[in-house]
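# Architecture and fold: a report
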Amino acid sequence: MTLSLSPVFEGSAGSLARLQQACFPEESWDAAALAEIMAIGSTFGLLAFEDVVAVGFVLAFDLKGECEILSLGVLPEMRRRGAARALLAAVCAEARRRGAGALILEAAIDNNAALALYRGLGFTTIACRKRYYRRGQSFVDALVLRLSLDGASVAT
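A brief look at the structure comes next. All values reported here derive from a predicted model rather than from experimental measurement.

Right, let's get into the packing of aromatic side chains. Applying the stated criterion across every chain, the model contains 2 aromatic pairs. For the ring pair Tyr132 and Tyr133, a centre distance of 5.0 Å and an interplane angle of 90° mean the geometry is edge-to-face. By relative accessible area, Tyr132 is classed as partly exposed at 39%.

Right under this line is the structure:
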């Protein structure tokens, strides 16, 4: 796999919406919502490509002192090949460059693969948001996870 990363830009809301729909069919944002998010000056993100095909993405906010990952996804058929880890490493590097001391994100309590990845990289649980993610007619909790960027190294 030849993986490359590219910064998101204002015109990529449609591509991001299609990726997010494929990654999170029950919880996706449309292109208009993503365009609004991307228009906020503190938003940054990356697209992951295998050759010329977009396979994943990450969007984050710079909250001045820490950064929050709003959404991170990899196409289901491309998971477990290193794209999420590469996106996380790049967003950590960008957060450090912006002077952030920590990175935070939310993950569904039933998303075992994501939780294993995040915990393996040093993220720790700091809170729980009850009934945060929709699963059909029901809801599941979200864990709020934090990674201190002081000395942490997320390798690809």
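From this point, the narrative continues.
Another point: the layout of surface pockets. The computed volume of the largest pocket comes to approximately 990 Å³. Along its surface, the largest pocket is lined by 36 residues, and Phe24, Leu72, Asn111, Ala114 and Tyr118 are the ones closest to its centre. Every element with two or more residues in the lining of the largest pocket is listed here: helix H1 (13–23), strand E4 (66–74), helix H3 (83–97), strand E5 (102–108), helix H4 (112–120) and strand E6 (124–135). Ranked by residue count, the leading element in the lining of the largest pocket is E4, at 7 residues.

Once that is clear, we can look at the side chain of Asp62. With respect to the secondary-structure elements, Asp62 resides in strand E3 (residues 53–62). A distance of 2.9 Å separates a polar atom in the side chain of Asp62 from the backbone nitrogen of Lys64.

In this section: the side chain of Glu106. For Glu106, the position within the fold is in strand E5. Side chain to side chain, Glu106 and Tyr132 meet in a polar contact 3.1 Å long. Beyond its immediate stretch of four places on either side in the chain, Glu106 contacts Glu68, Arg129, Tyr132, Tyr133, Ala142, Leu143 and Val144.

Attention now moves to H3. With 15 residues, H3 extends 21 Å from end C-alpha to end C-alpha; this agrees with the ideal 21 Å at 1.5 Å per step. Residues Ala83, Ala86, Leu87, Leu88, Ala89, Val91, Cys92, Glu94 and Ala95 constitute the buried set of H3. One or two positions beyond H3, positive phi appears at Gly99, with a value near 90°.

The phi torsion at Asp51 lies on the positive side, around 60°, for a residue other than glycine. You can see Asp51 is positioned in the loop between strand E2 (43–50) and E3. Phi is positive for Arg131, close to 50°, though the residue is something other than glycine. With respect to the secondary-structure elements, Arg131 resides in strand E6.

A few words on the sheet that holds E3. The strand order across the open sheet built from 7 strands is E1-E2-E3-E4-E5-E7-E6, with neighbouring strands paired in mixed fashion. Both edges of this open sheet fall to strand E1 (3–7) and E6, since each of them pairs with a single strand only. Strand-to-strand, the axes of this sheet are offset by a mean angle of 25°, without reference to chain direction. The pairing of E3 with E4 spans 7 bridges and is antiparallel. Bridge pairing links Phe57 to Gly73 in E4. Sheet strands in contact with helix H2 (residues 31–39) are E2, E3 and E4, and its direction is about 50° off that of E3.

Right, let's talk about the state of the cysteines for a bit. Put plainly, two cysteines are in a disulfide when a covalent bond ties their sulfur atoms together. Per the counting criterion, the structure on display carries 0 disulfides. Unpaired in terms of disulfides, Cys23 finds its nearest cysteine sulfur in Cys92, a separation of 19 Å. Distance from the sulfur of Cys67, which forms no disulfide, to the nearest cysteine sulfur (Cys92) is 9.3 Å. Classification of Cys67 by relative accessible area gives buried; the value is 0%.

Rules used throughout
Residues numbered from 1 in each chain as written. Predicted model: local features only at pLDDT ≥ 70, side-chain atom pairs only at ≥ 80, totals over all residues. Heavy atoms only, no water. Phe/Tyr/Trp six-rings, centres within 6.5 Å; stacked < 30°, edge-to-face > 60°. Buried < 20%, exposed > 50% of the residue type's maximum accessible area, 1.4 Å probe, protein only. 1 Å grid on protein atoms, 1.4 Å probe; cavity = no way out; pocket = protein on both sides within 12 Å on 5 of 7 lines; lining within 4 Å. Points joined across faces, edges and corners; volume = space filled by probe spheres on them. Helix = DSSP H or I, 4+ residues; strand = E, 2+ residues; numbered from the N terminus. Polar contact = N/O pair within 3.5 Å; in protein donor to acceptor, adjacent residues only side chain to side chain. Contact = heavy atoms within 4.5 Å. Expected span 1.5 Å × (residues − 1). Pairing = 2+ DSSP bridges. Axes fitted to C-alpha atoms, helices over the stretch in contact; angles between N-to-C directions. Disulfide = S-S within 2.5 Å.

The quantities given are spatial measurements derived from coordinates; they are silent on function.
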